[in-house]
Amino acid sequence: MNISVELTLSPLQDTFEPIIIAFIKKLRDSGLTVLENPLSTQVYGEYDVVMSLLQNEVKEAFELMDNGLLFMKIVKSDRSDYEPHF
């Protein structure tokens, strides 16, 4: 089963950029389809592969920060080829 996951990582501390950059680079290195915009990062792929990656990388990112939030939306389909029709 393929999924699409939208992630917004928000470290609640002054030095947040290195944590976000490291997190996104790890996602890029995974070999999965990863798309980014200024507000979020999307990861597309097979459910078990994506969730296993996120379990490891979210834990590592949380260990690098004092406090933080991760907003995650999951859609049961691969929406990586979505194009608006308006």
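Just so you know, these numbers come straight off a predicted model, no measurement behind them. (Residues numbered from 1 in each chain as written. Predicted model: local features only at pLDDT ≥ 70, side-chain atom pairs only at ≥ 80, totals over all residues. Heavy atoms only, no water.)

Now for the side chain of glutamate 57. Looking at the element boundaries, glutamate 57 is found in helix α2 (residues 47-63). Excluding residues within four positions of it along the chain, glutamate 57 makes contact with Phe23 and Lys26. (Helix = DSSP H or I, 4+ residues; strand = E, 2+ residues; numbered from the N terminus. Contact = heavy atoms within 4.5 Å.)

A few words on the sheet that holds strand β3 (residues 41-46). Pairing within the open sheet is antiparallel, and its four strands lie in the order β2-β3-β1-β4. At either margin of the open sheet sits one strand with a lone partner, and together these are β2 (33-36) and β4 (68-75). Sheet twist, expressed as the average angle between the axes of neighbouring strands with direction ignored, equals 20 degrees. Of the pairings in the sheet, the one linking strand β1 (residues 2-11) to β3 comprises six bridges and is antiparallel in character. If you follow asparagine 2 over to β3, its bridge partner there is glutamate 46. In this fold helix α1 (residues 17-28) packs onto β1, β2 and β3, with an angle of close to 160 degrees to the strand it touches most, β1. (Pairing = 2+ DSSP bridges. Axes fitted to C-alpha atoms, helices over the stretch in contact; angles between N-to-C directions.)

To continue, consider α2. For an α-helix, the turn length of 3.6 residues means that residues three or four places apart are oriented alike. Across its 17 residues, α2 extends 24 Å between first and last C-alpha, which sits within 8% of the 24 Å expected from 1.5 Å per residue. Regarding α2, the residues found buried are Val50, Leu53, Leu54, Glu57, Val58 and Ala61. Looking down the long axis of α2, one finds its buried residues gathered within 120 degrees of arc, a one-sided arrangement. The exposed residues of α2 that point more than 90 degrees off its buried face are Asp48, Gln55, Lys59 and Glu63. Those residues of α2 that are buried lie in contact with β1, α1, β3 and β4. Of the residues flanking the start of α2, the one acting as N-cap is glutamate 46, its side-chain oxygen 3.1 Å from the backbone nitrogen of aspartate 48. (Expected span 1.5 Å × (residues − 1). Buried < 20%, exposed > 50% of the residue type's maximum accessible area, 1.4 Å probe, protein only. Arc of directions from axis to C-beta. Polar contact = N/O pair within 3.5 Å; in protein donor to acceptor, adjacent residues only side chain to side chain.)

So far we have only geometry, and geometry alone does not tell us how the molecule works.
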